[in-house]
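# Observations on the three-dimensional arrangement
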There are 2 protein chains.
Amino acid sequence: MSNATIYDVAGAAGVSLATVSRVLNSPEKVKEETRLRVLKVIKELGYRPNVIARGLASRKTTTVGVVISDITRASVSEMLGGIADIAEKYKYSIKLFTIHDEADVLDTLQNIVAEQVDGILYLNDELSDKDVELIKRMFNENKIPYVFANVATSDPIVPTVSIDYVKAGYEITKKLIEKNCKDIYLLSTARRYSVNDKKEEGYTKAMVEAKLEPMIFRTSGDTSINKPHFETFFADINVDGAIAVRDSIAVSFLNTAINNGKKVPENLKIAGFQNTKYATLSRPELTSIDIPVYDIGAVSMRLLTKLMQSQDVENTRIILPHRIINRESI
Amino acid sequence: MSNATIYDVAGAAGVSLATVSRVLNSPEKVKEETRLRVLKVIKELGYRPNVIARGLASRKTTTVGVVISDITRASVSEMLGGIADIAEKYKYSIKLFTIHDEADVLDTLQNIVAEQVDGILYLNDELSDKDVELIKRMFNENKIPYVFANVATSDPIVPTVSIDYVKAGYEITKKLIEKNCKDIYLLSTARRYSVNDKKEEGYTKAMVEAKLEPMIFRTSGDTSINKPHFETFFADINVDGAIAVRDSIAVSFLNTAINNGKKVPENLKIAGFQNTKYATLSRPELTSIDIPVYDIGAVSMRLLTKLMQSQDVENTRIILPHRIINRESI
DNA sequence: CTGAAAGCGCTTACAG
DNA sequence: CTGAAAGCGCTTACAG
């Protein structure tokens, strides 16, 4: 079946292999009659150019590397969906790379470069500015275009697609304040993610503006760990508002609150981040900030295609809109 | 940096490029002294072999293709995690392919073959036996090893890693029957997935054995669609037990039941499939069948590595264990 | 143990 | 518009 090579096609069509190659890559240079004949043979033989050989000869692999740190996080698959759809549209293949240790990040990056991808998409929300600097230098040295997706960096040069997490944190906090909450906690993660830092920044700004004291409670994203944390929390803390950096944390907090006799939203208002299925499946349903994860993936990939084709890009720092989805918990 | 080629290394080490290649691929054939010298130069120059050139010359790309139909499903990312971990261990790269239309499946498969991957992992739970037949033939013709992950096929030849969905469906139904439920519904999807068919098969078997009438209610996985379905359901149906093919469907059903005055588990018992976070975040917490998604990915990938290296594999149809996680909803 | 040479399946100037 | 030839960066028999 499709183990025919370009020589087989050339032979059967009575042309040289150069002409077959042109039919595929710059058809306008081939006389229509010849082109049609070659195309016919290609179809009959089920010929598909060997992508590897083409990659070596042309020095373009039409492959992008997608780098992910924690692949098991739910939002990743949705973002991959956006990436895959756009990649397909522009005929790029996707190679997946996972990074575990901060330790071997450099080694992994070198491997990725050796894989000869035409561009790189870096998905990550827990990168420090130092990491970003390292990655940036690495890719620049090898002249390989890259885009960060859903990374909150302060570097003004790095191509990024994200939302404005500071603003989102600010807005949702403001909303609770307007509803007369005074003791508003931010439920964040013990591990520092750059995007959570931004949410905290927005939260803190709103609190300080309202002359309220910012209070950040750090716990784990793992329900079995945060549940006991929240139990002790309710034992001795006054709280009438809470914003969690993830929906799942918000729902876990909400359930514990109800167990402890709190009425939501009457005397405790809760909001989450990400607007996942958790938000609609909780009782009461959760107000949450919708983050266009699919779009972040798709727009990143689109931006990367432009960069790979050296197109002029007016803006390499793209902020996508978020919005608050109002439900019953506020 | 790492734009050095094998020629640069050979030159700097005073050997031929063949020797450099041997140091990398069959070091035992090279005198230790020479090997050490070459290795030193490789390190100094930061040389990494061009993966594409190697792929062309050796006809092995050390890349596996992972084919996914619905990439946005939550279980996919966990399965990818298992795949990625094992792939890394055995030094394989992962190329991702998504299939949308049943229509162009053949075309996509041909593309994948043209990508010269050494093996293919097919993740899918909605394949018909006819599709499986097609895919099988395609890959066999091109002599490319493959494994189906989480696919329920009846074909006894196809390499597969999955759980016994019939048994799981049977066991959970039996459990409800033992708890004296009589009117037990299976909440399944309108769209037919092969794994859901298996769950239905097990459910039906248990019901018939107990001389109860099997009743399958088909709805959507989308909460906004199934919620109104469930509202009308409760308007005129007697039910004291329900098994949903997914946790999210179970939780949606559970919430609607409670809204309609049902007491769970007192007069309605509910179970789900997959044991996701939804199960622990619902009130009451959901009893669910745990499916080792990460393991399915990891074991599939491991099996594929064996197949790619033409190792003798005693068993190419692997059934992983599942178990019922008992919580409050039963 | 090592090197010279052919070859993997393409692309792409260079002639004509 | 088309063909002959060099080359992409490796691997791998084949000699020695």
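Residues numbered from 1 in each chain as written. Chains lettered and ligands numbered in written order. Predicted model: local features only at pLDDT ≥ 70, side-chain atom pairs only at ≥ 80, totals over all residues. Heavy atoms only, no water.

Where an unreviewed UniProt entry is consulted, chain A appears under the name Transcriptional regulator, LacI family, with the organism given as Acholeplasma laidlawii.

## Observations concerning the side chain of lysine 269 of chain B
Residue and element names in this part refer to chain B. Just so we agree on the cut-off: Secondary structure elements follow DSSP: runs of H or I of four or more residues count as helices, runs of E of two or more count as strands, with numbering from the N terminus. We define a polar contact as two N or O atoms separated by no more than 3.5 Å, with the added condition that, inside protein, one atom must be a possible hydrogen donor and the other a possible acceptor, whereas residues neighbouring each other in sequence contribute only through side-chain atom pairs. Note on contacts: a residue pair qualifies if any of its non-hydrogen atoms lie within 4.5 Å across the two residues.
You can see lysine 269 is positioned in strand E9 (residues 269–274). A distance of 3.0 Å separates the side chain of lysine 269 from the backbone oxygen of proline 265, its partner in a polar contact. Those residues within four positions of lysine 269 in sequence are excluded, and the remaining contacts are Leu176, Lys179, Cys181, Asp240, Gly241, Ala242, Ser329 and Ile330.

## A closer look at the protein's contact with DNA strand C
Note the following rule: Put simply, a residue is near a molecule or strand once any heavy atom of it comes within 4 Å of that molecule or strand. Side-chain classes follow a simple rule in which Ala, Val, Leu, Ile, Met, Phe, Trp, Tyr, Cys and Pro form the nonpolar group, Asp, Glu, Lys and Arg form the charged group, and the remainder, Gly included, forms the polar group.
Residues in close proximity to DNA strand C total 28 residues, the closest being Ser21 and Asn25 of chain A together with Thr19, Arg22 and Thr34 of chain B. The sugar and phosphate moieties of DNA strand C supply 66% of its atoms located within 4 Å of the protein. Measuring from a base nitrogen of DNA strand C, one finds a side-chain N or O atom of arginine 22 of chain A at 3.2 Å. In the model, a phosphate oxygen of DNA strand C is placed 3.0 Å from a nitrogen or oxygen of the serine 16 of chain B main chain. Contributions of two or more residues to the surface near DNA strand C are made by helix H1 (6–13), helix H2 (17–25) and helix H4 (51–58) of chain A together with helix H2 (17–25) and helix H4 (51–58) of chain B. Here the element with the most residues in the surface near DNA strand C is H2 of chain A; it accounts for 5 residues. Taken together, the residues of the surface near DNA strand C sort by class into 13 nonpolar, 8 polar and 7 charged.

## Details of the UniProt feature "domain: HTH lacI-type" (unreviewed entry) in chain A
What counts here: UniProt positions are given in the numbering used here, feature names are shortened, and annotations may be inferred rather than shown by experiment.
Mapped onto the present numbering, the UniProt feature "domain: HTH lacI-type" (unreviewed entry) falls on residues 4–58 of chain A. Secondary structure across residues 4–58 of chain A comprises 71% helix and 0% strand; the distance between its end C-alpha atoms is 20 Å.

## Regarding unusual backbone geometry
Excluding glycine, most residues fall at negative phi; most peptide bonds, likewise, are trans. Put simply, the rule reads: Each residue is placed in one exposure class: buried if its accessible area under a 1.4 Å probe, protein chains only, is under 20% of its type's maximum, exposed if it is over 50%, and partly exposed if it falls in between.
In the segment running from valine 264 of chain A into proline 265 of chain A, the intervening peptide bond is cis, with an omega of 10°. Within the secondary structure layout, proline 265 of chain A lies in the loop between helix H11 (247–259) and strand E9 (269–274). The residue after arginine 283 of chain B, namely proline 284 of chain B, is reached through a cis peptide bond having omega -10°. Note on placement: proline 284 of chain B falls in the loop between helix H12 (277–281) and strand E10 (287–290). Of note, the phi angle at lysine 91 of chain A is positive, near 65°, even though the residue is not glycine. For lysine 91 of chain A, the position within the fold is in the loop between helix H5 (74–89) and strand E2 (93–98). Overall, lysine 91 of chain A belongs to the exposed group, its relative accessible area being 69%. In this structure, asparagine 275 of chain B takes a positive phi of about 50° despite not being glycine.

## Some words on the environment of glutamate 266 of chain A
Residue and element names in this part refer to chain A. Secondary-structure assignment places glutamate 266 in the loop between H11 and E9. Accessibility expressed as a relative area gives 58% for glutamate 266, which makes it exposed. As for glutamate 266 and aspartate 240, which are separated by 26 residues in sequence, their C-alpha atoms are 9.0 Å apart.

## With respect to the packing of H4 of chain A against H4 of chain B
Applicable threshold: Under this scheme, a helix contributes an axis fitted over its contacting stretch, all axes are lines through C-alpha atoms, and angles between N-to-C directions fall in the 0 to 180 degree range. Any angle from 65 to 115 degrees is called roughly perpendicular, while one under 35 is roughly parallel, one over 145 is roughly antiparallel, and all others are oblique. The sense of a crossing depends on the near helix, which, turned anticlockwise from the far helix by less than a right angle, makes the crossing left-handed and, turned clockwise, makes it right-handed.
At a minimum axis distance of 9 Å, the contact between H4 of chain A and H4 of chain B shows a crossing angle of 130°. It follows from the interaxial angle that H4 of chain A and H4 of chain B lie oblique. In terms of crossing hand, the pair formed by H4 of chain A and H4 of chain B is left-handed. In this structure, H4 of chain A contributes Ile52, Ala53, Gly55 and Leu56 of chain A to the contact, and H4 of chain B contributes Ile52, Ala53, Gly55 and Leu56 of chain B. Along the lines of polarity and charge, the residues of the contact of H4 of chain A with H4 of chain B split into 6 nonpolar, 2 polar and no charged.

## Focus: the interface of chain A and chain B
For clarity, the threshold we go by: When two parts are brought into contact, each loses some accessible area as probed by a 1.4 Å sphere; the total of that loss over both is the buried area. The salt bridge definition used is simple: a Lys or Arg side-chain nitrogen within 4 Å of an Asp or Glu carboxyl oxygen. Being paired, for any two strands, means DSSP has found at least two bridges between them.
Each side of the interface is counted separately: chain A has 52 residues, and chain B has 52 residues. Carbon and sulfur atoms make up 55% of the area that chain A and chain B hide from each other, which totals about 4,900 Å². When residues of chain A are sorted by the area they lose upon contact with chain B, Arg48, Ile52 and Leu281 of chain A head the list and together hold 15% of the total. Two residues, aspartate 107 of chain A and arginine 48 of chain B, come together in a salt bridge whose shortest N-O distance is 2.9 Å. Secondary-structure elements contributing two or more residues to the side of chain A that touches chain B are H4, H5, E2, helix H6 (105–114), helix H10 (223–236), H11 and helix H12 (277–281) of chain A. With 8 residues, H5 of chain A is the single largest residue contributor to the side of chain A that touches chain B. Residues belonging to the side of chain A that touches chain B are distributed by class as follows: 17 nonpolar, 22 polar and 13 charged. Relative to strand E2 (residues 93–98) of chain B, E2 of chain A is paired through 3 bridges, and the arrangement is antiparallel. Counted as the bridge partner of lysine 95 of chain A is lysine 95 of chain B from E2 of chain B.

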